[in-house]
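Each chain is listed here by its residues.
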Amino acid sequence: MKSLKSILFAAVLLISATSHGQDKSFQMGIKGGLNLFYITNPPIGFTSNLSIGFHAGLCSSINFDSSNFSIRPELLFNNVGANVENYVYANYSSISQNHNTSIHTQYKITSNYIQLPLLLKYQFARGISVLIGPYFSYLLSAKNDSSSFISFKDSANSPNSAATDSTGSATLNILNSMNKLDIGAALGFSYETSKGLGFEIRYSFGITSAFKSANYINPSSKITTFQPTYGNNNNIALSIYYLF
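Rules behind the numbers
- Residues numbered from 1 in each chain as written.
- Predicted model: local features only at pLDDT ≥ 70, side-chain atom pairs only at ≥ 80, totals over all residues.
- Heavy atoms only, no water.
- Helix = DSSP H or I, 4+ residues; strand = E, 2+ residues; numbered from the N terminus.
- Buried < 20%, exposed > 50% of the residue type's maximum accessible area, 1.4 Å probe, protein only.
- Contact = heavy atoms within 4.5 Å.
- Core = buried A, V, L, I, M, F, W, Y, C linked by side-chain atoms within 4.5 Å.
- Polar contact = N/O pair within 3.5 Å; in protein donor to acceptor, adjacent residues only side chain to side chain.
- Pairing = 2+ DSSP bridges.

A. Representation of the overall build of the protein chain in the model. The helix and strand inventory of the protein chain stands at 1 helix and 12 strands. The proportion of buried residues among the 244 residues of the protein chain is 39%. Counting contacts in the protein chain only where the partners sit at least 6 residues apart, residues at least 24 apart contribute 68% of the total.

Structure below.
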C-alpha cells in the first residue's frame, strides 16, 4: 500500500511540473473525496446498510475544440465494501419453561480497488456538466470484520430472570472469496470553475457481482444452500478535484 501511495504521489508531482504551458486540449489533475457505499443483492438472509469510505487519485480531461463534450479518464484508489447484518429470533415454550433466543450477526467488509472510470462529459450550462460512462475496477485487498451477539433467556416461570449474553468477533482475509474484476457504470454531475477547481457528485453501480459463488448457511433457517454470485457494488461519491 505504501508503494502505491508513493507512485501516485510521484505521478502527481510529475504532472504538476510538466502540465504548465500546455494547451487546454488535454489536462490532468488530482481528485479525492468520500464514498457512501452499499451493496445490492446481499447474501441470503442479510440486509445491507450504508457505509463510508474514500477515494483518491488522478483525473484528466480530453477536451474537443468548439465543443461542450470532453472525455474524462481517471485512475483512482477506491475504498468501498459492504456492511450487512442479520437478526434471528427464536422462541421455544414448554409447560415449565420459556426460552427466548436472539442472534445478531454483522459483517463489515472493506474492499480496496484500483478503479479506471472512462466517462463522457457534456457541459450543458456555464461550469455545470453531466458525466456518464463505464468503470473498470481491480480488487487489491479485502477483509471481513465479523461480529455476533447472542442473547438467551430462560424464564422458568419467572419473567424477571436475567438473560445470558455472549459476543464474538473475528477478522478474515476474504480476497479469494471475491471476484478480482468489478465492472459497472456511472452517472454524475459536476461544477467546475474557470480555474480548474471542480466539485462532483457521482453514482456508480456494479454490473458484475463482487462475491464469488459458495455454499452458504442461511442464518435464519440453518440450511446449507448454494449461494450464487452476489453483492453488486453501489457507491455515491462526493468529490473535489483540480485540473492543472
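Now, onward.
B. Structural view of the nonpolar core. Counting 15 residues, the largest nonpolar core has Y113, I174, M178 and F211 as its most contacted members. When residues of this core are traced back to their parent elements, those giving at least two are β1 (26-40), β4 (69-93), β5 (98-125) and β6 (128-154). Here the element with the most residues in this core is β4; it accounts for 3 residues.

C. Main features of the environment of S129. Residue position: S129 is located in strand β6. Given the relative accessible area of 0%, S129 is considered buried. In sequence terms S129 and F69 are 60 residues apart; their C-alpha atoms lie 9.3 Å from each other.

D. Up close: the side chain of N83. With respect to the helices and strands, the residue N83 is situated in strand β4. Here Q106 takes part through its side chain, which lies 3.2 Å from a polar atom of the side chain of N83.

E. Quick peek at the pairing of strand β9 (residues 197-206). Of the two faces of β9, only the one carrying G198, E200, R202, S204 and G206 is buried; L197, F199, I201, Y203 and F205 on the other face are not. Where strand β8 (residues 181-192) and β9 come together, 9 bridges link them in antiparallel fashion. From the neighbouring strand, G188 faces β9, where its bridge partner is R202. The hairpin formed by β8 and β9 contains 4 residues between the paired strands, and G196 there has a positive phi angle of roughly 95°. Across 9 bridges, β9 lies against strand β12 (residues 232-243) in antiparallel orientation. Residue pairing for β12: R202 is matched across the bridge by A237.

Just geometry here; none of it tells us what the structure is for.
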